[in-house]
Structures are given as C-alpha cells and as structure tokens.
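What follows is the residue order along each chain.
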Amino acid sequence: MKGKKSMVRQMAENKWCYLGLLPTFLLLIVFQLWPAVDSLYRSLCRWKTSNYFSPQFEGMANYVRLFSDKEFWNSFGVLLVFIVAGFIITFCINMPVTYLVYKLGAARTGKFFQRAFVIPMMVPGMVGTMYWKFFFSNKEGILNTILQYFNRSEWCRIWLGDKRFTLWCLLLIGFPFIGGFSFLILLSGFLNIDASLGEAAQLDGANALHKFIYIDIPLIIPQMKILSILGMISGIQAFQTQMIMTNGRYGTMVPGLLMYQTAFTKGNYGYASAMGVVLFVIILIMTVIQNKYVRNADA
C-alpha cells in the first residue's frame, strides 16, 4: 500500500511530464501498436481484395497453408546468406578498418577518414541500388562494357538473369563495404576505451594485434551486440534490394519480399499477415537468444 502511495505521489509531482508524453503515447498506440495487434487477428481471416472491408474469420487456415509453403521456407535459405554476409562484412571488414581509423587519433588524416567514411550514409539507399543495377546490366552495363574494352567479351553475362551469378551480384552491392552506420557505432565504441589500458598492455609487451584482440574487442562487445541485433532485424525485414534488382527471381527471393508480393501483387492480405506474424516471432526468439548469449558471455 505504501508503494502505491509513493507511486501516485511521484506521478503527481511529474504530472506535466506525463501530460507531455500522453500525445506521443497515444499516437504510438494508434499508428504502431494497434496495427501490429490487428495484423495478428487479420492473419486468422480470409482477407483478400475481393472482401477487403469484410474479412472472414477462418482460424488457423493461413498458418496451416504457410507451414507447408515450400517457397516461403526456401526463401529463408537466401535470407540466411544475406544475414551471414552482413555479419562478415561488419565484423571482418568494417571493424578492422574502423579500428585503423581510430588508431589515427585526432590527427588531420584521422579526421579526414572519419568524415570520408560517413559520407556513404548521405547517399539514399535507392540511388546506390539503382547504380548497382546499371553496373550489372547486360545492355550497356558498366561491368560488361569493361570486359568488352579488355577484349573479354566471352566473359560477359546477363548477370542479373543467371541463377549462377545473380545472388553473388547482390552480395557485392555496397563494395568495398566500408563506412556508414556500423562505422559510427564501432568508432564510438573504440573512442570510449580508456587509453591507459592500451599503454599498460604495451608495457607488458603486448603488440598491436594482441591489444586489438584481447583488450579492444572485448570492450566494444555492447556495440557489437547492438549491430548484431539490428543487422539481424533489418536483414529479416529488408527486401528493397531484391525487389529493385531482380524482383525475387533467379534464386533471390527473401521472406519480406514474398510477403509484400503476396499482399500487394496477389491481393491475399490475410496470408501475408500470417507471414508477418511468423517473421515477428522469429525475430523475437532470435533477439532473446542473442541477448541471453551475450549477457552470459559478459558475465
């Protein structure tokens, strides 16, 4: 009872803060939380273009169909390739380069590289994807033009129309994979490391590689955890690149794009809602497992 009174007293003392947050909280419920809850109900309905305003409840029929849908589950194999590639790019390419920029310190060259690697964030993702589509185009595309210039016309391919090469082409988008959001997160982690730790390790005879592996990397685990979770979530949700480059053809279909096409091309909104619910559950389970693993590792 005493705890309830103190809570009421605290709310009374901060009433203006609560009143200020109320409009934002209501908008959050109306435009984000409620659509998510409503989509759960719609996934249990027969909801198509023909009965858009009067969905018919039919229980678990969409889920029964979904769990036997080979196209949906096969798309997870492609998705796994993109997620694993994203982790490799972030932690095997971006992180070492970020560390080198960090080691340059506050010198003029260090500031230059810090700004240069942030510039890619200013370019809209759609622009970059359209450039890569032109790069791999079979008609006057940059790659085929270069091959013809060096008299290697026999190497020219319909890069985005051949299942042997299409997935690899999509994985190359963003090359050389340096800079952007992950660069900022990792750089902030390195900058927060106490320089005295590195100096002490150097006095003990540790070289640069040892300091990087045994001191710097363990101290940026929180940043690595954030990038891992965000990379996994964004990887499951994203489908713009596949839609623009191939529209999911030639072995590049991912669950998000299949859900989009099911809803807005085929007009089967109930079935697409069921796909969305399954993706949400997968993201939730993987995030919980990842949080638990990282927390235990820190302990």
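The structure under discussion appears in the preceding block.
A brief look at the structure comes next.

Calculation criteria
- Residues numbered from 1 in each chain as written.
- Predicted model: local features only at pLDDT ≥ 70, side-chain atom pairs only at ≥ 80, totals over all residues.
- Heavy atoms only, no water.
- Phe/Tyr/Trp six-rings, centres within 6.5 Å; stacked < 30°, edge-to-face > 60°.
- Helix = DSSP H or I, 4+ residues; strand = E, 2+ residues; numbered from the N terminus.
- Buried < 20%, exposed > 50% of the residue type's maximum accessible area, 1.4 Å probe, protein only.
- Lys NZ or Arg CZ within 6 Å of the ring centre and 35° of its normal.
- Patch = residues over 30% accessible without salt bridge, like charges linked within 9 Å, V, L, I, M, F, W, Y side chains within 5 Å.
- Areas by Shrake-Rupley, 256 points an atom, 1.4 Å probe, with all protein chains shown as cover.
- Salt bridge = Lys/Arg side-chain N within 4 Å of Asp/Glu carboxyl O.
- Lys, Arg positive; Asp, Glu negative; His and termini not counted.
- Charge placed at Lys NZ, Arg CZ, Asp CG, Glu CD.
- Contact = heavy atoms within 4.5 Å.
- Expected span 1.5 Å × (residues − 1).
- Bend = angle between axes of the 7 residues up to and from the residue.
- Polar contact = N/O pair within 3.5 Å; in protein donor to acceptor, adjacent residues only side chain to side chain.
- Axes fitted to C-alpha atoms, helices over the stretch in contact; angles between N-to-C directions.
- Parallel < 35°, antiparallel > 145°, perpendicular 65-115°, else oblique.
- Left-handed = near helix turned anticlockwise from the far one by under 90°.
- Nonpolar A, V, L, I, M, F, W, Y, C, P; charged D, E, K, R; others polar.

1. Focus: the packing of aromatic side chains
The final tally for this structure, using the stated rule, is 26 aromatic pairs. Here Trp73 and Phe76 contribute two aromatic rings whose centre-to-centre distance is 5.4 Å and whose plane-to-plane angle is 25 degrees, an arrangement assigned as stacked. One end of the pair, Trp73, and the other, Phe76, are both in helix α4 (residues 70–103), three residues apart, so they sit about a helical turn from each other. An angle of 80 degrees between the planes, with centres 5.9 Å apart, marks the rings of Tyr131 and Trp132 as edge-to-face. For Tyr131, a relative accessible area of 42% translates into the label partly exposed. Lying over the aromatic face of Trp47, Arg42 brings its terminal NZ or CZ to 4.7 Å of the ring centre. The ring of Tyr271 has Arg65 sitting right over it, with the charged end atom 3.9 Å from the ring centre.

2. Regarding a positive patch on the surface
On the surface, a cluster of positive charge is contributed by Arg46, Lys48, Arg65 and Lys266. Structurally, the position occupied by Arg65 is in helix α3 (residues 61–66).

3. Re the side chain of Ser273
Structurally, the position occupied by Ser273 is in helix α15 (residues 269–298). When its relative accessible area of 13% is taken as the criterion, Ser273 is described as buried. Those residues in contact with Ser273, other than ones at most four positions away along the chain, are Ser39, Arg42, Ser43 and Trp47.

4. Observations concerning the pattern of salt bridges
Evaluation of the coordinates by the stated rule reveals two salt bridges. For the salt bridge of Arg42 with Asp38, the shortest nitrogen-to-oxygen distance reads 3.1 Å. Residue Arg42 and its partner Asp38 are both found in helix α2 (residues 15–42); the two are separated by four residues, about one turn of the helix. Note on accessibility: Arg42 and Asp38 belong to one class, buried. In this structure, Arg164 and Asp162 form a salt bridge, with 2.8 Å as the shortest nitrogen-oxygen distance. Residue class for Asp162 comes out buried when judged on its relative accessible area of 18%.

5. Some remarks on α4
The terminal C-alpha atoms of α4 lie 49 Å apart, and with 34 residues this matches the ideal 50 Å at 1.5 Å per residue to within 8%. Of all the bends in α4, the greatest, near 35 degrees, is centred on Asn94, and the proline Pro96 appears no more than four residues after it. Here α4 starts with a cap whose side-chain oxygen sits 3.1 Å from the backbone nitrogen of Glu71, and that cap is Asp69. Gly105 sits one or two residues past α4 and shows a positive phi near 70 degrees.

6. Considerations on unusual backbone geometry
Phe175 connects to Pro176 through a cis peptide bond whose omega is 10 degrees. Within the secondary structure layout, Pro176 lies in the loop between α8 (166–171) and α9 (181–191). Its identity is not glycine, yet Asn151 carries a phi of approximately 60 degrees, on the positive side. Secondary-structure assignment places Asn151 in the loop between α7 (142–149) and α8. The exposed category is assigned to Asn151, whose relative accessible area is 61%. Unusually for a residue other than glycine, Asn247 sits at a positive phi of about 60 degrees. Note that Asn247 resides in the loop between α13 (240–245) and α14 (255–264).

7. Here's the deal with the side chain of Gln242
For Gln242, the location among the structural elements is in helix α13. Exposure remark for Gln242: the relative accessible area of 6% places this residue in the buried category. Excluding anything up to four places from it in sequence, Gln242 contacts Phe82, Leu170, Asn247, Gly248, Thr252, Val254 and Leu257.

8. As for the packing of α4 against α9
Remark: α4 packs on α9, axes separated minimally by 9 Å, with the N-to-C direction vectors making an angle of 50 degrees. One finds that α4 runs oblique with respect to α9. Here α4 and α9 pass one another in a crossing that is right-handed. Of α9, the residues touching α4 (which contributes Thr90, Asn94, Met95, Thr98, Tyr99, Val101 and Tyr102) are Ser182, Phe183, Leu186, Leu187, Phe190 and Leu191. Of the residues contributing to the contact of α4 with α9, the split by class is nine nonpolar, four polar and no charged.

Purely geometric numbers; function is a separate question.
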